[in-house]
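# Survey of secondary and tertiary structure
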Amino acid sequence: MVNIILLGIAGSGKSTLISKFSEWLKEKDLKASKFNFDCAADYLPYIPDFDIRKYFTLEKIMNKYKIGPNAALLKSFELISERKEEIKSEVEKIKSEINLIDVPGQLEIFIFSKGYELIDIFGKNKTFAIYLIPADISSISEIVLVQLLSLAARIKLEVPVINVISKADLSRINFEILNNPRKLKKELEKMSLGLEKEIAINSIKLVKNLLSKRIIKVSSITCEGFQDLLDISYEIFCSCGEI
């Protein structure tokens, strides 16, 4: 069994990817279970096997604690932490080959709040995260920024984090540049602002050792890259794969 936490900014396509990837896996005779830990979700494009909204919703948290939506999202993971053993027991009853775990797009939940405790619920040994980088981002500097967010998630979660380009059918940038820090630096040198350019260039040093040996691009429209996602799910926990 492999547990995959899908991370990424709001609108990066996490829920849609879970829906389409699980359908694709079913066609391959592989069972994938879907876990929703986003209490703010009004709509999901899939039927979850586990749904945190069974315990509470964002609106209920806001009303009970008299707080705004952002604070309520942070509070939701405090509540998950308090009920961790109960939730873990329910999760363990769900048997499948691949667990797809949907979470809110606010990364601060995992860096500064209790979101990292999801790892305790699913177990660290067979858990990794996919950080979705939406292909419709518009600049090279944004690529560097999302790489830094991915690095922050890796440090806090203490599990492998794989960067994956989502919405590949909408790509505006040649993401192959991620394989070449030297070319990435040259592109950043074209930025007009001095300090911001220097910060962006220096940040490459932080992420260059984490860049994938191959770029994984997926599309929930065309199913492009789904086989790569499946392959990496098995490779990441053995020494035979090149990630």
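All of these numbers come straight from a predicted model, not from anything done at the bench.

## Things to note about the overall build of the protein chain
- The helix and strand inventory of the protein chain stands at ten helices and seven strands.
- Nonlocal contacts in the protein chain, meaning residues at least 24 apart in sequence, comprise 73% of its contacts between residues at least 6 apart.
- Accessible surface for the protein chain amounts to roughly 12,300 Å². Of this, 51% is attributable to carbon and sulfur atoms.

## Details of the packing of aromatic side chains
- On inspection of all chains with the given rule, the structure shows nine aromatic pairs.
- Centre to centre, the rings of Trp24 and Phe226 are 5.9 Å apart; their planes meet at 80°, and the pair counts as edge-to-face. A residue pair is termed long-range when its members are at least 10 positions apart, and Trp24 in helix 1 (residues 14-27) and Phe226 in helix 10 (residues 226-235) qualify at 202 residues.
- On the basis of relative accessible area, Phe226 is assigned to the buried category, the value being 0%.
- Ring geometry for Phe35 and Phe50: centres 6.3 Å apart, planes at 35°, overall tilted. In this pair, Phe35 sits in strand 2 (residues 32-36) while Phe50 sits in strand 3 (residues 50-51), placing the two residues 15 residues apart along the sequence. Across the pair, exposure class does not vary: Phe35 and Phe50 are buried alike.
- Ring-pair connections join several aromatic residues into one group, and the members of that group are Phe35, Phe37, Phe50, Tyr55 and Phe122.
- Across the ring face of Tyr65, the terminal group of Lys75 is positioned such that the distance to the ring centre comes to 4.7 Å.
- Of note, Lys156 hangs over the ring of Tyr116, and the distance from its end group to the ring centre comes to 4.9 Å.

## Observations regarding the packing of helix 2 (residues 58-65) against helix 3 (residues 69-82)
- Interhelical geometry of helix 2 versus helix 3 gives an angle of 100° and a closest axis separation of 9 Å. Classed by the angle they form, the pair helix 2 and helix 3 counts as roughly perpendicular. When helix 2 is examined against helix 3, the residues Leu58, Ile61, Met62 and Tyr65 are found in contact with a partner set consisting of Pro69, Ala72, Leu73, Lys75, Ser76 and Leu79.
- Residue classes in the contact of helix 2 with helix 3 are distributed as eight nonpolar, one polar and one charged.

## Observations regarding the nonpolar core
- Among the nonpolar cores identified, the biggest contains 43 residues, and Leu7, Phe37, Phe50, Ile52, Ile87 and Leu118 are the most heavily contacted of them.
- Not counting chain neighbours up to four residues away, the residues in contact with Ile52 comprise Asn36, Phe37, Asp38, Cys39, Ile80 and Ile87.
- Formed by 27 residues, the second largest nonpolar core is a distinct cluster that contains Ile18, Phe21, Trp24 and Phe226.

## Here's the deal with the layout of surface pockets
- Volume-wise, the largest pocket comes out at about 290 Å³.
- In terms of lining, the largest pocket is formed by 20 residues, of which the most central are Ala10, Gly11, Lys14, Ser15 and Asp38.
- Residue classes in the lining of the largest pocket are distributed as nine nonpolar, eight polar and three charged.

## Observations regarding the sheet that holds strand 5 (residues 127-134)
- With parallel pairing, seven strands are arranged side by side in an open sheet as 3-2-4-1-5-6-7. Edge positions in the sheet fall to strand 3 and strand 7 (216-217), since each of these pairs with one other strand and no more.
- One ladder, built from five bridges, connects strand 1 (residues 2-8) with strand 4 (residues 98-102); its direction is parallel. Bridged to Val2 within strand 4 is Ile98.

## As for the pairing of strand 6 (residues 161-166)
- The buried fraction of strand 6 amounts to six of the six residues, a majority that puts the element mostly inside the structure.
- Along strand 6, one buried face is formed by Val161, Asn163 and Ile165 and the opposite face, lined by Ile162, Val164 and Ser166, is buried too.
- Note that strand 5 and strand 6 share six bridges and pair parallel. Counted as the bridge partner of Ala129 is Val161 from strand 6.
- Looking at chain direction, strand 6 and strand 7 are connected through two bridges and run parallel. Across the sheet, the residue bridging to Ile165 is Lys217, located in strand 7.

Basis of the calculations
- Residues numbered from 1 in each chain as written.
- Predicted model: local features only at pLDDT ≥ 70, side-chain atom pairs only at ≥ 80, totals over all residues.
- Heavy atoms only, no water.
- Helix = DSSP H or I, 4+ residues; strand = E, 2+ residues; numbered from the N terminus.
- Contact = heavy atoms within 4.5 Å.
- Areas by Shrake-Rupley, 256 points an atom, 1.4 Å probe, with all protein chains shown as cover.
- Phe/Tyr/Trp six-rings, centres within 6.5 Å; stacked < 30°, edge-to-face > 60°.
- Buried < 20%, exposed > 50% of the residue type's maximum accessible area, 1.4 Å probe, protein only.
- Lys NZ or Arg CZ within 6 Å of the ring centre and 35° of its normal.
- Axes fitted to C-alpha atoms, helices over the stretch in contact; angles between N-to-C directions.
- Parallel < 35°, antiparallel > 145°, perpendicular 65-115°, else oblique.
- Nonpolar A, V, L, I, M, F, W, Y, C, P; charged D, E, K, R; others polar.
- Core = buried A, V, L, I, M, F, W, Y, C linked by side-chain atoms within 4.5 Å.
- 1 Å grid on protein atoms, 1.4 Å probe; cavity = no way out; pocket = protein on both sides within 12 Å on 5 of 7 lines; lining within 4 Å.
- Points joined across faces, edges and corners; volume = space filled by probe spheres on them.
- Pairing = 2+ DSSP bridges.

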